[in-house]
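Residues per chain are reported as follows:
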Amino acid sequence: MAATPERPAAATTRRKAGRHRGEGQWAAGHFTPLNGNEQFKKDDDGLNVRTRIETIYARRGFDSIDPNDLRGRMRWWGLYTQRRPGIDGGKTAVLEPEELDDEFFMLRVRIDGGRLTTDQLRVIGEISQEFARGTADITDRQNVQFHWIRIEDVPEIWRRLEGVGLSTTEACGDTPRAILGSPVAGIAEDEIIDGTPVIEEIHRRIVGNPAFSNLPRKFKTAVSGSPLLDVAHEINDISLVGVVHPELGPGFDVWVGGGLSTNPKLGVRLGAWVSAEEAAEVHEGVLSIFRDYGYRRLRTRARLKFLVADWGPEKFRQVLEDEYLGRTLRDGPAPAEPAQRWRDHVGVHRQKDGRFYVGFAPRVGRVDGATLTKIAELAAVHGSGRVRTTAEQKMLVLDLTEDRVDPLVAGLEALDLRVTPSPFRRGTMACTGIEFCKLAIVETKGRGASLIDELERRLPDFDEPVTINLNGCPNACARIQVADIGLKGQLMLDESGEQVEGYQVHLGGALGLQAGFGRKVRGLKVTAAELPDYIERLLTAFTEQRTEGERFAQ
Ligand code: SF4
């Protein structure tokens, strides 16, 4: 096993012994692990677990896995143990991790920028059907997640994924996670700047690089040159958002320190404009600040947002310029307000080359291997072989000539993938929930899907953009704090005093330039059974009482 994590040059040269020591920052000379996670990362780099998976665990089976690998380092390769079936939400907080663990894994495939070819999608579909009991969820970070994966099958799955240029490297763990990118990068008529080369260069520099494989916690990146601000840039650790500098032209506005979960914080602008050529270097500087100055003592304070909140954007930019870039960044403008509320690119749209792309909506990101294989076939027949996933759990097929649009739309609709979905199907997202997640308290995916069907039946004429996000626990995987209607899963008592699944209601959150967190409605909890009635009442009251031009979120 490896020794002490390599000390970054920037940190060792500027060590200020004692200062910030209590937060466990490397830049303060604090390399002694202060919690179990820091210890296992110091004992051995998470990336090194791959060799053990291939040479030991896959051959000898689940019981041979070292617990520090099982619940720690295997995440560096996208593997999480999934929840043992049949354990109710009331036991989530009281059982030991080994009692919650199933012998099967969730495996996350990173899809940087949401960019896929039909060959890649076909392989994902095949893996789903052969090794994952048909499961495949599109996540709100543009990834695909399988469930029911056996450790014995992991090397073969990697071989197939890597054969088409995909990987699970650092898809989870305290690492630079998959990079969000505009799904219409390079094709949109209204694009400010194509972020694709930036995503590729960031990926080349950091993914699988041991210099960045021991971060205080996860690090989320988003890059978009779309004026629709389509990558939830407000809630990433770093976001590069397309803007036009009045003298220098198109480039990126730098945002840092966004993140949800407990203590949610919106990202802040550094006020700096960076060109496409310098964007990856600036990204690496911000990532390095997180590695060196990020708080490692408490897991609950180990995200970049806490450092940004303590320093403020001015100091953060100063440290970035002085200690990591060695030059001053140029000031630049903020992005403009998007012209529309939906940011998911669903529907039929003209590309800048005159062809068309088609965005479509599964329910709450849930698809399956057979459906993905059919989507790949449709995209190959009607398009040029390019597919995208979105940060809203949707998908796109690109590059259609006008005469191929209707046949593709018909093919998608036959798979129950809607190109003109109701606002409920379009705006509802759900996290993994109790079906597979060990932290979950309640069901989410199935409930989200049935809620969509129910609201479509009850409110067929409702046509406002509305976002309804369901989480299975107090974490924020489905971004409840920034939804119009955020539903945080918890157990509660129903009218007869029985403990049942339910949700704490948050109202009025939003992303976009009016971004803000929803208000927890004091005392307002809704049982799962009451959920359709409650949301129907809420939306009906809005429809009856709204004033001219008022949106649900206002
Ligand atoms: Fe699991 Fe909670 Fe995240 Fe849902 S929000 S996937 S239940 S950790």
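None of these values were measured; they are calculated from a predicted model.

**A look at the overall build of the chain**
Alright, step 1. Looking only at helices and strands, the chain has 15 helices and 21 strands in total.
Alright, step 2. At 23 Å, the chain has a C-alpha radius of gyration in line with the 24 Å of a compact globule built from 554 residues.
Alright, step 3. Referenced to the eigenvectors of the C-alpha coordinate spread, the extents of the chain come out at roughly 65 × 60 × 50 Å.
Alright, step 4. Considering the chain as a whole, with its 554 residues, one finds that 53% of them fall into the buried category.
Alright, step 5. Of the contacts made within the chain by residues no fewer than 6 positions apart, 68% connect residues no fewer than 24 positions apart.

**A word on the confidence of the model for the chain**
Alright, step 1. Across the chain, the average pLDDT comes to 93, with 94% of residues at or above 70.
Alright, step 2. Low pLDDT, under 50, characterises residues 1-20; the stretch is placed with 32 contacts to residues that sit more than four places away or in other chains.
Alright, step 3. As a predicted assembly, this complex carries a pTM of 0.93 together with an ipTM value of 0.99.

**A word on the environment of glutamate 377**
Alright, step 1. Considering the arrangement of structural elements, one finds glutamate 377 in helix α11 (residues 369-382).
Alright, step 2. Judged by C-beta crowding, with 15 C-beta atoms within 10 Å, glutamate 377 ranks as partly exposed.
Alright, step 3. Through-space distance from the C-alpha of glutamate 377 to that of aspartate 119 is 9.3 Å; in sequence the pair is 258 residues apart.

**Quick notes on the site of the ligand**
Alright, step 1. Inspection of the region around the ligand gives Cys431, Thr432, Gly433, Cys437, Leu439, Ala440, Asn471, Gly472, Cys473, Asn475 and Cys477 as its neighbouring residues.
Alright, step 2. The residue makeup of the shell around the ligand, split by class, is 6 nonpolar, 5 polar and no charged.

**Examining the nonpolar core**
Alright, step 1. In terms of nonpolar packing, the biggest core is built from 152 residues, with Val254, Val256, Tyr357, Val358 and Val397 touching the most fellow members.
Alright, step 2. Among the elements that take part in this core, helix α9 (residues 276-293) stands out by supplying 9 residues, more than any other.
Alright, step 3. The residues contacting valine 256, other than those within four sequence positions of it, are Asp237, Ile238, Gly267, Val268, Leu270, Val286, Leu304, Val308 and Phe316.

**Details of helix α12 (residues 402-414)**
Alright, step 1. Those residues of α12 that fall on the buried side of the exposure criterion are Leu408, Val409 and Leu412. For α12, the angular spread of the buried residues around the axis is 105 degrees, confining them to a single face. Turned more than 90 degrees away from the buried face of α12, the exposed residues are Asp403, Asp406, Ala410 and Ala414.
Alright, step 2. Here the buried face of α12 lies against β13 (356-360), α11 and β16 (395-400).
Alright, step 3. The positive-phi residue at the C-terminal boundary of α12 is aspartate 416, with phi of around 65 degrees.

**Section: the sheet that holds strand β12 (residues 347-350)**
Alright, step 1. The strand order across the open sheet built from 5 strands is β3-β15-β16-β13-β12, with neighbouring strands paired in antiparallel fashion. Lying at the two open borders of the sheet, with one neighbouring strand each, are β3 (115-117) and β12. Each neighbouring strand pair of the sheet contributes to a mean axis angle of 25 degrees, computed without reference to strand direction.
Alright, step 2. Of the strands in this sheet, β15 (386-389) and β16 touch α11, which is tilted by about 15 degrees from β16.
Alright, step 3. Each of β12, β13 and β16 is contacted by α12, which is oriented at about 15 degrees to β13, the strand it contacts most.

**A word on helix α10 (residues 304-325)**
Alright, step 1. Taking 1.5 Å as the rise per residue, α10 with 22 residues should run 32 Å; its terminal C-alpha atoms sit only 19 Å apart, a clear shortfall.
Alright, step 2. When the local axis directions of α10 are compared, the greatest deviation, roughly 105 degrees, occurs at glycine 312, which is followed within four positions by the proline proline 313.
Alright, step 3. The set of residues buried in α10 consists of Leu304, Lys305, Phe306, Leu307, Val308, Phe316, Arg317, Val319 and Leu320.
Alright, step 4. Just downstream of α10, glycine 326 is the residue with a positive phi angle, here 70 degrees.

**Things to note about the sheet that holds strand β4 (residues 135-138)**
Alright, step 1. Read across the sheet, 5 strands follow the order β1-β2-β5-β4-β14 without closing on themselves; strand pairing throughout is antiparallel. The two strands at the open ends of the sheet, each matched to only one other strand, are β1 (79-83) and β14 (366-368). Each strand of the sheet is rotated relative to its neighbour by a mean of 35 degrees, with strand direction disregarded.
Alright, step 2. Bridge count for strand β2 (residues 101-109) against strand β5 (residues 144-149) is 4 bridges, and the pairing is antiparallel. Looking at β5, one finds that phenylalanine 105 is bridged to isoleucine 149.
Alright, step 3. Strands in contact with helix α6 (residues 118-131) are β2, β4, β5 and β14; relative to β5, the strand with the most contacts, it is inclined by about 20 degrees.

**Quick word on unusual backbone geometry**
Alright, step 1. Despite not being glycine, glutamate 170 has its phi angle at roughly 55 degrees, a positive value.
Alright, step 2. On the secondary structure map, glutamate 170 appears in the loop between α7 (154-163) and β6 (176-181).
Alright, step 3. Since 28 C-beta atoms lie within 10 Å of it, glutamate 170 is described here as buried.

**Some points on the pairing of strand β20 (residues 499-507)**
Both faces of the sheet carry side chains from a regular strand, because those side chains alternate between them.
Alright, step 1. Pairing analysis gives 9 bridges linking strand β19 (residues 485-493) to β20, with the strands arranged antiparallel. By the bridge assignment for β20, leucine 487 is matched with valine 505.
Alright, step 2. In this structure, the hairpin formed by β19 and β20 is closed by a connection of 5 residues, where glycine 497 is found at a positive phi of approximately 85 degrees.

**A look at the packing of α9 against α10**
Alright, step 1. With their axes 10 Å apart at the nearest point, α9 and α10 run at an angle of 125 degrees to one another. In this view, α9 runs oblique relative to α10, as classed from their interaxial angle. Classified by chirality, the crossing of α10 by α9 is right-handed. Each of Glu281, Val282, Gly285, Val286, Ser288, Ile289, Phe290 and Tyr293 in α9 lies in contact with α10, whose residues at this interface are Leu304, Leu307, Val319, Leu320, Tyr324 and Leu325.
Alright, step 2. Its residues placed into classes, the contact of α9 with α10 shows 11 nonpolar, 2 polar and 1 charged.

**Description of the pairing of β6**
Alright, step 1. Counting buried positions along β6 yields 6 of 6 residues, so the element is predominantly enclosed.
Alright, step 2. Sheet analysis places β6 next to strand β7 (residues 219-224), joined by 4 bridges and oriented parallel. Bridging across to β7, proline 176 finds its partner in phenylalanine 219.
Alright, step 3. Following the chain from β6 across helix α8 (residues 196-206) to the adjacent parallel β7, one finds a crossover that is left-handed.

**Notes on the environment of tryptophan 76**
Alright, step 1. Relative to the assigned elements, tryptophan 76 resides in the loop between α4 (67-70) and β1.
Alright, step 2. What makes tryptophan 76 buried here is the crowd of 26 C-beta atoms within 10 Å.
Alright, step 3. Each C-alpha atom, one on tryptophan 76 and one on glutamate 170, is 4.5 Å from the other, the two residues being 94 residues apart in sequence.
Alright, step 4. Residues contacting tryptophan 76, with those up to four places away along its chain left out, are Gly46, Leu47, Val49, Glu170, Gly173, Thr175 and Ser213.

Cut-off values and rules
- Residues numbered from 1 in each chain as written.
- Predicted model: local features only at pLDDT ≥ 70, side-chain atom pairs only at ≥ 80, totals over all residues.
- Helix = DSSP H or I, 4+ residues; strand = E, 2+ residues; numbered from the N terminus.
- Rg over C-alpha atoms; globule rule 2.2 N^0.38 Å.
- Buried ≥ 20, exposed ≤ 12 C-beta atoms within 10 Å, placed from the backbone.
- Contact = placed C-beta atoms within 7 Å.
- pLDDT = per-residue confidence, 0-100.
- Near = placed C-beta within 6 Å.
- Nonpolar A, V, L, I, M, F, W, Y, C, P; charged D, E, K, R; others polar.
- Core = buried A, V, L, I, M, F, W, Y, C linked by C-beta atoms within 7 Å.
- Arc of directions from axis to C-beta.
- Pairing = 2+ DSSP bridges.
- Axes fitted to C-alpha atoms, helices over the stretch in contact; angles between N-to-C directions.
- Expected span 1.5 Å × (residues − 1).
- Bend = angle between axes of the 7 residues up to and from the residue.
- Parallel < 35°, antiparallel > 145°, perpendicular 65-115°, else oblique.
- Left-handed = near helix turned anticlockwise from the far one by under 90°.
- Right-handed = clockwise from strand over helix to strand, strands pointing away.

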